[in-house]
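A look at the structure
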Amino acid sequence: MLEAIIFDMDGVLVDSEYTYFQSKSQILREAGHEVEDSYHFQFMGTTSDYMWEKMKQEFSLPLSVSDYVQQMTALRQAMIKRDGIRVIPHVQEFVKGLSQSGLKLAVASSSSLAEIKVNLAEIGLSEYFSEVVSTEEVENSKPAPDVYLAAAERIGVMPENCLGIEDTKNGTGAVHNAGMVCVGFANPVFPKQDLAFADMVVSSFADLDADSLTKIYQKVRESHA
């Protein structure tokens, strides 16, 4: 029985991926390393510490991981101050409708807890999520299931009765590894992602509601029975 919907944040609730791409590219370029946007796809859904640890090793970067995270954060904050927080189309109505249906809602994100809370407040959705969990609060980042399992535990729902919504390979992998039904969100304005771990892929939230998600959930569970 479907009891809860757990959302990723970046790329699902807010359009923030471009701030990561541009800030990381700028820092790497200033260090003498040019990369394409596609280079960053591998890190989507992971933590800032993880991605900079990997890039530090790959490019033999001289500064500490925390230094690069601070630089990236400052650049991202400047972009957000300039552009505002961009909400994903139709997601506000979608979330409000799910809340009214009686389903429990939570967020499981690789962003910091502080950033999650700020973003939810800015887009007017804070009150609709009973729990928000950051990967900074768990041992392993996506695609490990830790953050999704923690979210399910906090809202008091068994993982098998949850459905997760994600937009990246690492994110859909985390939902899959948690034993939850996974809906992949393929945003048509984003670069195409590998959503092979998703049980169903959608490209808009405009026509989704509690009934349609329940049908998706039931269909997936029946096919695995």
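Residues numbered from 1 in each chain as written. Predicted model: local features only at pLDDT ≥ 70, side-chain atom pairs only at ≥ 80, totals over all residues. Heavy atoms only, no water.

1. Notes on the sheet that holds strand β4 (residues 162-166)
In plain terms, the rule: Strand pairing requires that DSSP identify at least two bridges connecting the strands. Secondary structure elements follow DSSP: runs of H or I of four or more residues count as helices, runs of E of two or more count as strands, with numbering from the N terminus. What counts as an axis is a line fitted to C-alpha atoms, over the stretch in contact for a helix, and the angles between N-to-C directions run from 0 to 180 degrees. We call two residues in contact whenever any of their non-hydrogen atoms come within 4.5 Å of each other.
Pairing in this open sheet of 6 strands is parallel, and the strands run β3-β2-β1-β4-β5-β6 from one edge to the other. The outermost strands of the open sheet, each flanked by one partner alone, are β3 (131-134) and β6 (200-202). For this sheet, the mean inter-axis angle between neighbouring strands, taken without regard to orientation, is 25°. Where strand β1 (residues 4-7) meets β4, 4 bridges bridge the pair, whose relative direction is parallel. Across the sheet, the residue bridging to A4 is C162, located in β4. Strand contacts of helix α8 (residues 210-224): β1, β4, β5 (181-185) and β6, with the helix running at about 125° to β5, the strand carrying the most contacts.

2. Quick notes on the pairing of strand β2 (residues 104-109)
The criterion, for reference: Whether a residue is buried, partly exposed or exposed follows from its accessible area with a 1.4 Å probe, protein chains only, as a fraction of its type maximum: under 20%, in between, or over 50%, in that order. Assignment of crossover handedness uses the view with strands pointing away from the viewer, where a clockwise path from the first strand over the helix to the second indicates a right-handed crossover.
The element β2 is extensively covered by neighbouring structure, given that 5 of its 6 residues are classed as buried. When β1 meets β2, the two strands line up parallel, connected through 4 bridges. When the sheet's bridge partners are listed, I6 is paired in β2 with A106. As paired elements, β2 and β3 share 4 bridges and run parallel to each other. Counterpart to V107 in the pairing with β3 is V132. Taking the sense of rotation as the criterion, the β-α-β connection linking β2, helix α5 (residues 113-122) and β3 turns out right-handed.

3. Some thoughts on the pattern of salt bridges
The criterion, for reference: For this analysis, a salt bridge means a side-chain nitrogen from Lys or Arg found within 4 Å of a carboxyl oxygen belonging to Asp or Glu.
With the rule as written, the count across this model stands at 8 salt bridges. Where D8 meets K142, a salt bridge forms, and the shortest distance between an N and an O atom there is 3.1 Å. Of this pair, D8 sits in the loop between β1 and α1 (17-30) while K142 sits in the loop between β3 and α6 (146-155), placing them 134 residues apart in sequence. On the basis of relative accessibility, which here comes to 5%, the residue D8 falls in the buried class. Look at K142 and you get buried, because its relative accessible area is 2%. The residue R86 makes a salt bridge to D83 at a minimum N-O spacing of 3.7 Å. Note on R86: relative accessible area 35%, which makes it partly exposed. Note on D83: relative accessible area 29%, which makes it partly exposed. One connected set of salt bridges, linked through shared partners, spans D15, R82, D83 and R86.

4. Some points on the side chain of T19
To keep things clear, this is the line we draw: A 3.5 Å cut-off defines polar contacts: any pair of N or O atoms within that distance qualifies, except that in protein one atom must be a possible hydrogen donor and the other a possible acceptor, and neighbouring residues in sequence count only when both atoms are side-chain atoms.
Topologically, T19 is positioned in helix α1. Within the structure, T19 has its side chain in polar contact with the backbone oxygen of S16 (distance 2.6 Å).

5. Focus: the packing of α1 against helix α2 (residues 48-59)
The line we're drawing: An angle below 35 degrees is read as roughly parallel, one above 145 as roughly antiparallel, one from 65 to 115 as roughly perpendicular, and any other as oblique. A crossing counts as left-handed when the near helix is turned anticlockwise from the far one by less than a right angle, and as right-handed when that turn is clockwise. Under the scheme applied here, ten amino acids are nonpolar (Ala, Val, Leu, Ile, Met, Phe, Trp, Tyr, Cys and Pro), four are charged (Asp, Glu, Lys and Arg), and all others, including Gly, are polar.
One way to put it is that α1 packs onto α2 with a least axis distance of 13 Å and a crossing angle of 30°. With respect to α2, the element α1 is oriented roughly parallel. The way α1 lies across α2 gives a crossing that is right-handed. Within the contact between the two elements, α1 uses Y20, K24, I27 and L28 and α2 uses S48, M51, W52, M55 and F59. Looking at the contact of α1 with α2 residue by residue, the classes come out as 7 nonpolar, 1 polar and 1 charged.

6. Details of the side chain of N161
Counting through the fold element by element, N161 comes out in the loop between α6 and β4. Look at N161 and you get buried, because its relative accessible area is 14%. Excluding its chain neighbours within four sequence positions, the residues that come into contact with N161 are M1, L2, E3, A4 and Y217.

7. Notes on the packing of aromatic side chains
As a reminder, the rule being used: Only rings of Phe, Tyr and Trp enter the pairing, Trp through its six-membered ring, and a pair is recorded when the two centres are within 6.5 Å. The plane angle decides the type: under 30 degrees is stacked, over 60 is edge-to-face, the rest tilted. Over a ring means this: the NZ of a Lys or the CZ of an Arg is within 6 Å of the ring centre and within 35 degrees of the ring normal.
A complete count under the given rule lists 8 aromatic pairs for this structure. Note on F7 and F129: the rings are 5.6 Å apart at their centroids and 80° apart in plane angle, and the pair reads as edge-to-face. Linking F7 in strand β1 with F129 in the loop between α5 and β3, this pair joins segments that are 122 residues apart in sequence. Owing to a relative accessible area of 7%, F129 belongs among the buried residues under this scheme. Through pairs of rings, three or more aromatic residues link up here, namely F7, F94, F129, F185 and F205. Positioned above the aromatic ring of Y20 is the side chain of R76, whose terminal nitrogen or guanidinium carbon lies 3.8 Å from the ring centre.

Honestly, that's just the spatial picture; any functional story needs more than this.
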